[in-house]
Amino acid sequence: MSKKQALVICPGRGTYNKPELGYLTRHHSHRSEMLDIFEQERKTRSQPSLKSLDGAERYSVATHTRGDNASLLIHACAIGDFNAIDRNRYDIAAITGNSMGWYIALACAGAVNQVDGANIVNTMGAYMQETMIGRQIVYPLVDDDWKAIPERRAEVLTLMDRVNAQPDLEIHISIELGGMIVLAGNDAGLKAMTDLLPVIDRFPMSLANHAGFHTSLQLPISERALSTLPKTMMTQPTIPMIDGRGTIWQPASVDHLALHQYTLGQQVTDTYNFTRAVQVGVREFAPDCIIILGPGNTLGGAVAQSLIDISWQSLESKAGFAERQATDPYILAMGRDDQRALVTG
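In this numbering scheme, every chain counts its residues from 1 along its sequence in written order. For a predicted model such as this one, the threshold for reporting local features is a pLDDT of at least 70, and the threshold for listing and counting side-chain atom pairs is 80 or more; totals across whole chains, interfaces and linings nevertheless cover every residue. As a rule here, side-chain values cover all heavy atoms of the structure and leave hydrogens and water aside.

J.: When you look at the side chain of Gln 339 in this model, what are you seeing that I'm missing?
T.: Each helix is a run of H or I in the DSSP string that is no shorter than four residues. Each strand is a run of E no shorter than two, and both are numbered from the N terminus. For Gln 339, the position within the fold is in helix H15 (residues 337-344). Only protein chains enter the accessibility calculation, which uses a 1.4 Å probe. A residue is then buried if its area is under 20% of the maximum for its type, exposed if over 50%, and partly exposed in between. Among the residues examined, Gln 339 registers a relative accessible area of 8% and is labelled buried. Between N or O atoms, a polar contact is any pair within 3.5 Å; within protein, one atom must be a potential hydrogen donor and the other a potential acceptor, and residues adjacent in sequence are included only when both atoms are from side chains. Of the polar contacts made by the side chain of Gln 339, one reaches the backbone nitrogen of Ala 333; its length is 2.7 Å. Here, residues are in contact when the closest pair of their heavy atoms is within 4.5 Å. The contact partners of Gln 339, leaving out residues within four places of it in the chain, are Gln 325, Ile 331, Leu 332 and Ala 333.

J.: Just checking my understanding: could you explain unusual backbone geometry for this structure?
T.: Generally, phi is negative for residues other than glycine and the peptide bonds are trans, each holding for most cases. Following Phe 203, the chain continues into Pro 204 via a peptide bond in cis, with omega recorded as 0°. Tracing the backbone shows Pro 204 in the loop between helix H9 (187-196) and strand S6 (205-206). With an omega of 10°, the peptide bond running from Gly 294 to Pro 295 counts as cis. Secondary-structure assignment places Pro 295 in the loop between strand S10 (289-292) and helix H13 (299-309). The backbone phi angle of His 214 is positive, close to 55°, even though this residue is not glycine. Secondary-structure assignment places His 214 in the loop between S6 and helix H10 (219-228). Although it is not a glycine, Ser 311 adopts a positive phi angle of roughly 55°. Note that Ser 311 resides in the loop between H13 and helix H14 (318-327).

J.: What's the story with the environment of Ile 92 in this structure? I'm lost.
T.: Tracing the sequence through the fold places Ile 92 in strand S2 (residues 90-97). Residue class for Ile 92 comes out buried when judged on its relative accessible area of 14%. Residues Ile 92 and Asn 273, 181 residues apart in the sequence, show an inter-C-alpha distance of 22 Å. The contacts of Ile 92, once residues within four sequence positions are left out, are Ala 6, Val 8, Phe 82, Ile 85, Arg 87 and Ile 239.

J.: Would you take a moment to explain the packing of helix H12 (residues 274-285) against H13 for this structure?
T.: Any two packed helices are characterised by how steeply their axes cross, that is the angle between the axes, and by the distance between the axes. The axes used here are C-alpha line fits, helices contributing only the stretch in contact, and every angle between their N-to-C directions lies in the interval 0 to 180 degrees. Two numbers describe how H12 lies on H13: the axes approach to 9 Å, and their chain directions differ by 65°. The two elements H12 and H13 cross, and the hand of that crossing is right-handed. For the pair H12 and H13, the contacting residues are Phe 274, Thr 275, Val 278, Gln 279 and Val 282 in the first and Leu 299, Ala 302, Val 303, Ser 306, Leu 307 and Asp 309 in the second. Each residue is assigned to one of three groups, with Ala, Val, Leu, Ile, Met, Phe, Trp, Tyr, Cys and Pro labelled nonpolar, Asp, Glu, Lys and Arg labelled charged, and all others, Gly among them, labelled polar. A per-class count over the contact of H12 with H13 returns 7 nonpolar, 3 polar and 1 charged. With the far helix as reference, a near helix turned anticlockwise by less than a right angle produces a left-handed crossing, and one turned clockwise produces a right-handed crossing.

J.: Any chance you could explain the pairing of S10 here in plain terms?
T.: Both faces of the sheet carry side chains from a regular strand, because those side chains alternate between them. Across the two faces of S10 the burial is the same, with Cys 289 and Ile 291 and Ile 290 and Ile 292 all buried. In this sheet, S10 lies alongside strand S1 (residues 4-10) in parallel orientation, the contact comprising 4 bridges. The partner of Leu 7 across the bridge, within S10, is Ile 290. Note: S10 against strand S11 (residues 331-333), 3 bridges, orientation parallel. Looking at the pairing, Ile 290 lines up with Ile 331 of S11. Two strands are counted as paired when DSSP detects at least two bridges linking them.

J.: Even after reading the chapter, I still don't get H13, so can you show me in this structure?
T.: Side chains that are three or four residues apart share a direction in an α-helix, a result of its 3.6 residues per turn. Across the 11 residues that make up H13, a large majority, 9, are buried. For H13, every residue scored as buried is listed here: Leu 299, Gly 300, Ala 302, Val 303, Ala 304, Gln 305, Ser 306, Leu 307 and Ile 308.

J.: Would you take a moment to explain the pattern of salt bridges for this structure?
T.: Two side chains with opposite charge may pair up if their charged atoms get near one another. The rule for a salt bridge is simple: a side-chain nitrogen of Lys or Arg has to be within 4 Å of a carboxyl oxygen of Asp or Glu. Applying the stated criterion across every chain yields a total of 12 salt bridges. Arg 66 is paired through a salt bridge with Asp 68; the nearest N and O atoms lie 2.7 Å apart. Arg 66 gets classed as partly exposed once you look at its relative accessible area, which sits at 30%. The exposure class assigned to Asp 68 is buried, which follows from its relative accessible area of 14%. Note that Lys 191 and Asp 195 form a salt bridge whose closest N and O atoms lie 3.0 Å from each other. In this pair, Lys 191 and Asp 195 both sit in helix H9, 4 residues apart, roughly one turn of the helix.

J.: Mind showing me how you'd approach the packing of aromatic side chains here?
T.: The relation between two aromatic rings is expressed through the spacing of the ring centres and the mutual angle of the planes. For this analysis, a ring pair means two rings from Phe, Tyr or Trp (six-membered ring only for Trp) whose centres lie within 6.5 Å, classed as stacked if their planes differ by under 30 degrees, edge-to-face if by over 60, and tilted for the remaining angles. Counted according to the given criterion, the structure contains 3 aromatic pairs. Aromatic side chains Trp 102 and Tyr 262 sit 5.7 Å apart centroid to centroid with 80° between the ring planes, which places their arrangement in the edge-to-face category. With Trp 102 in helix H6 (residues 101-109) and Tyr 262 in helix H11 (residues 256-269), this residue pair connects regions lying 160 residues apart in the sequence. Judged by its relative accessible area of 0%, Trp 102 falls in the buried class. Between Trp 249 and Tyr 262, the aromatic rings sit 6.2 Å apart at their centres with planes inclined by 40°, giving tilted as the arrangement. Of the two residues, Trp 249 sits in strand S8 (residues 248-249) while Tyr 262 sits in helix H11, which places them 13 residues apart along the sequence. The class of Trp 249 is buried, set by a relative accessible area of 10%. For Tyr 262, a relative accessible area of 5% corresponds to the buried category.

Here it is, written out as structure tokens:
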């Protein structure tokens, strides 16, 4: 039986929620060497251990969504999941990620080693939490059947222009997330934008403990990271990587200085186009399936919406996607037990 070619997607912040409490222990307690690396990183910074966070009696939004806690916890779950993929059944054609997932992708692809990968994730999470510059909200750009509503995007962009025209107000596109758009800005800008956006169900929705990622607001974080995280961390990946612009970094041809500059520079301060990354991944590598690493399953909808947007393999709607998934699943989310079994065997 021939192997399937898989596009792997790494999760970002916001994927370790109440249902995921204990995820690391349930699936990866046997990976002692991996966990020791991550726990040493926590110990170096005098931070709560991943074991104590994952093994807490109760999930706490105040504790578990903090950047300096959530980042490495999610990273550990995702790296463990990547290592759990059955390589007798799947070859990894390429790897990408959403937002913080880019850092995880670097480690999975071998562009950084596990020690440096943990350092990058934990450092950036700590820097973000220390400063908490700006905030994020999320808003839908598709209808209930996951079909794009062009006039809604146009309305959002018009409202953004109105906000940015006012003194001391700032609003930016942070992440293109399939059928959603993540907006980030300073407090005054976010409040103004939230007041202007038409309410649709629970949206606009504020994201707890999320700073103004992927905007110029994060320039101080970028400058600090570029000066403290050494260029020597970066090396040649063994798997093609697709970044937040849709640019492909191919093994044996990566300029490690350019990778360092992008990862801690443009990737931090400019819009992260996850939609484009997914679309480039399927168009350029034509995978047999997409594997989304855990924890959680919050990226499944965004990935499907990105595919529907380009009518990939004749996918045109949420209903059509659900029908396909029920009979011959194309997206396999390791945060779901039923789909995890198909990936790990």
